[in-house]
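Given next are the chains, with one letter for each unit.
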Amino acid sequence: MPDLLAPTKPMKLLIIVPHPDDEVYGAAGTILDYRAEGFEVGLITLTRGEAGRNLGLVSSKAELAALRAGPDGELKQCLAVLGITQHHQYDIPDGSVLNANFEETLELIIRHVQEYQPEIVLTFQPNGSNGHPDHIATHTLVYTALERLNRPCTLWYYSASLEYMTELFVQKPELEAGYVPPNVFKDVTHRVGLKLKAISMHRSQALSTVDFFRRFAERITLESYHQAYPPLE
Ligand SMILES: [Zn+2]
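Keep in mind that what you see is a predicted model, and the values were worked out from it rather than measured. (Residues numbered from 1 in each chain as written. Predicted model: local features only at pLDDT ≥ 70, side-chain atom pairs only at ≥ 80, totals over all residues.)

**Side note on the overall build of the chain**
Line of reasoning, step 1. Secondary structure summary: the chain contains nine helices and seven strands in total.
Line of reasoning, step 2. Its C-alpha radius of gyration of 17 Å places the chain within 12% of the 17 Å reference for a compact globule of 233 residues.
Line of reasoning, step 3. The principal-axis extents of the C-alpha atoms in the chain amount to approximately 50 × 45 × 35 Å.
Line of reasoning, step 4. Burial analysis of the chain (233 residues in total) assigns 42% to the buried set. (Helix = DSSP H or I, 4+ residues; strand = E, 2+ residues; numbered from the N terminus. Rg over C-alpha atoms; globule rule 2.2 N^0.38 Å. Buried ≥ 20, exposed ≤ 12 C-beta atoms within 10 Å, placed from the backbone.)

**Structural notes on the packing of helix 4 (residues 102-116) against helix 6 (residues 133-148)**
What describes two packed helices is the angle between their axes and the distance between those same axes.
Line of reasoning, step 1. The geometry of helix 4 relative to helix 6 is characterised by a closest axis approach of 9 Å and an angle of 60° between their N-to-C directions. As far as their axial angle goes, helix 6 and helix 4 are oblique. The crossing of helix 4 and helix 6 is right-handed. Across the interface between the two elements, Thr-105, Leu-106, Ile-109, Ile-110 and Val-113 of helix 4 pack against Leu-141, Val-142, Thr-144, Ala-145, Leu-146 and Arg-148 of helix 6.
Line of reasoning, step 2. Per-class residue counts for the contact of helix 4 with helix 6 are eight nonpolar, two polar and one charged. (Axes fitted to C-alpha atoms, helices over the stretch in contact; angles between N-to-C directions. Parallel < 35°, antiparallel > 145°, perpendicular 65-115°, else oblique. Left-handed = near helix turned anticlockwise from the far one by under 90°. Contact = placed C-beta atoms within 7 Å. Nonpolar A, V, L, I, M, F, W, Y, C, P; charged D, E, K, R; others polar.)

**Some details on the pairing of strand 5 (residues 154-158)**
Line of reasoning, step 1. Within strand 5, four of the five residues are buried, which leaves the element mostly enclosed by the surrounding structure.
Line of reasoning, step 2. When strand 4 (residues 120-123) meets strand 5, the two strands line up parallel, connected through four bridges. Looking across to strand 5, one finds that Ile-120 is bridged to Thr-154.
Line of reasoning, step 3. Bridge analysis of strand 5 against strand 7 (residues 222-229) gives four bridges, and the strand direction is antiparallel. Each residue of the ladder has a partner; that of Tyr-157, found in strand 7, is His-226. (Pairing = 2+ DSSP bridges.)

**A short note on the pairing of strand 7**
Line of reasoning, step 1. Strand direction decides the pairing type here: strand 6 (residues 184-187) and strand 7, joined by four bridges, are antiparallel. Within strand 7, the position partnered with Asp-187 by the bridge is Leu-222.

**With respect to the sheet that holds strand 2 (residues 39-47)**
Line of reasoning, step 1. With respect to topology, seven strands assemble into an open sheet ordered 3-2-1-4-5-7-6, the strand pairing being mixed. Whereas interior strands pair on both sides, the edge strands pair on one side only; in this sheet they are strand 3 (86-92) and strand 6. Strand-to-strand twist in this sheet, taken as the mean axis angle between neighbours without regard to direction, amounts to 25°.
Line of reasoning, step 2. Helix 4 contacts strand 1 (9-17), strand 2, strand 3 and strand 4 of the sheet and is inclined by roughly 165° relative to strand 1.

**Let's talk about the packing of helix 1 (residues 28-36) against helix 8 (residues 192-200)**
Line of reasoning, step 1. Between helix 1 and helix 8, the least distance of the axes is 9 Å, while the angle of their chain directions is 120°. Between helix 1 and helix 8, the interaxial angle falls into the category oblique. Read as a crossing pair, helix 1 and helix 8 show a hand that is right-handed. Residue-level inspection shows Ala-28, Gly-29 and Leu-32 of helix 1 in contact with helix 8, the latter providing Leu-194, Lys-195, Ala-198 and Ile-199.
Line of reasoning, step 2. For the contact of helix 1 with helix 8, the residue count by class is five nonpolar, one polar and one charged.

**Observations regarding helix 1**
Line of reasoning, step 1. Counting buried residues in helix 1 gives seven out of nine residues, a clear majority hidden from the surface.
Line of reasoning, step 2. For helix 1, every residue scored as buried is listed here: Ala-28, Gly-29, Thr-30, Ile-31, Leu-32, Tyr-34 and Arg-35.
Line of reasoning, step 3. Residues of helix 1 that are buried sit in contact with strand 1, strand 2, helix 3 (74-82), strand 6, helix 8 and strand 7.
Line of reasoning, step 4. Residue Gly-38 follows helix 1 closely and has a positive phi angle near 90°.

Everything listed is a geometric property; what it means functionally is a separate question.
What follows is the structure, given as structure tokens:
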């Protein structure tokens, strides 16, 4: 990783998501750019992803959790490519972020934001991007945590342009109500090699990868976010 140095600047970006792999598809290029500039980037992963697909690679949820989120697992391999060293892995049951102890999870998010004082926090938008209940619950948790802290930083949500959402809106009309369009765009064409390498570390999630490529091919080189606040002119 020749251009990813030990961080010498404060935390630029703190990503808070429920699943191993939620960090990579929409933000890998942005992460690599910030790391190359010497900024710290942090990641909080709330679940170990044991409810995901296993493609027959393992035979139990415990084995899938270890494969995805274990000490030498897929996520750690992905983070080595991205140059993220500040990572906190939690073990809230995958699929149950909403039903886990809300106040407890809120407290841990508040603690990490206070600890790192990031310039930007990134999470899912109100519709959870694809409606996954863990994505929606994580949005609510992060939004509530930052409200309790009086909005100490910039808040970004993953956001794909409307034209790429049309197919999903036909399948799941309820997604349209909570949708917010992108207003921050990052051209990460120069990061495409490392981004694809980082994505490929999540081997067990290969179907998610091809689904992402089919639906959002343009987002491989153009990452897009909705800045919720402070408001953009
Ligand atoms: Zn996810």
